[in-house]
Amino acid sequence: MRIPIVGLVVSCLFVASALAQTGSSAGSKTQEINAQNANNVCRVYFSMPKPGMDQQYEAGRKKHMQFHRDQKDTWTWNTFAIETGDNAGMYVTSSCGHAWKDFDEWEARMGSPILPMEPQI
């Protein structure tokens, strides 16, 4: 039973490899691939509030997002709470769908991001 499954997997990989190599030459051009991926960059922050400080963290996050709106930040930001697993209690904040040049423009308008691990002077 095991050999037919392995044979099937190997056959599928062979067919997939052959199809990938015979794809249209237009799609394999570096400039076209770069154009397709031009807006695939994200800025992602991971935050771990101190134990018992979840409500204060969430209130601070809401206040900070209001600051972004007040500054006319056009980026869409999403924050997710990790509920289970090794990183339970951690928050992930992200903004995606950007090109590299967007980060320079954003920092010129909004200022350089302050990372939580940097000392505040």
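Worth saying up front: this structure is predicted, and the values here are computed from it rather than measured.

**Quick look at the nonpolar core**
Here is step 1: Counting residues in hydrophobic clusters, the biggest one holds 8 residues: Val41, Tyr45, Met65, Trp75, Trp77, Phe103, Trp106 and Met110.
Here is step 2: Contributions of two or more residues to this core are made by strand E1 (41-47) and helix H4 (100-110).
Here is step 3: Looking at this core, the element that brings in the most residues is H4, giving 3 residues.
Here is step 4: In this structure, Met110 is in contact with Phe67, His68, Gln71 and Asp73, ignoring residues within four places of it in sequence.

**Re the state of the cysteines**
Here is the idea: a disulfide is a covalent bond, and it sits between the sulfur atoms of two cysteines.
Here is step 1: Tallied over the full model, the rule gives 1 disulfide.
Here is step 2: In this model Cys42 forms its disulfide with Cys96; the gap between the sulfur atoms is 2.1 Å. Judged by the torsion about the S-S bond (120°), the Cys42/Cys96 disulfide is right-handed. A residue pair is termed long-range when its members are at least 10 positions apart, and Cys42 in strand E1 and Cys96 in strand E3 (residues 91-98) qualify at 54 residues.
Here is step 3: Classification of Cys42 by relative accessible area gives partly exposed; the value is 35%.
Here is step 4: Looking at Cys96, the relative accessible area reads 43%, which means it is partly exposed.

**What about the pattern of salt bridges?**
Here is step 1: Scanning the entire structure with this criterion turns up 3 salt bridges.
Here is step 2: In this structure, Arg43 engages Glu107 in a salt bridge whose closest nitrogen and oxygen atoms are separated by 2.8 Å. Pair noted here: Arg43 is in strand E1 and Glu107 is in helix H4, with a separation of 64 residues, a long-range link.
Here is step 3: Under the relative-accessibility criterion, Arg43 is labelled buried at 13%.
Here is step 4: Looking at Glu107, the relative accessible area reads 28%, which means it is partly exposed.
Here is step 5: A salt bridge links Asp102 to Lys101, with the shortest nitrogen-to-oxygen separation between them at 3.6 Å.
Here is step 6: For Lys101, a relative accessible area of 52% corresponds to the exposed category.

Criteria and cut-off values
- Residues numbered from 1 in each chain as written.
- Predicted model: local features only at pLDDT ≥ 70, side-chain atom pairs only at ≥ 80, totals over all residues.
- Heavy atoms only, no water.
- Core = buried A, V, L, I, M, F, W, Y, C linked by side-chain atoms within 4.5 Å.
- Buried < 20%, exposed > 50% of the residue type's maximum accessible area, 1.4 Å probe, protein only.
- Helix = DSSP H or I, 4+ residues; strand = E, 2+ residues; numbered from the N terminus.
- Contact = heavy atoms within 4.5 Å.
- Disulfide = S-S within 2.5 Å.
- Salt bridge = Lys/Arg side-chain N within 4 Å of Asp/Glu carboxyl O.

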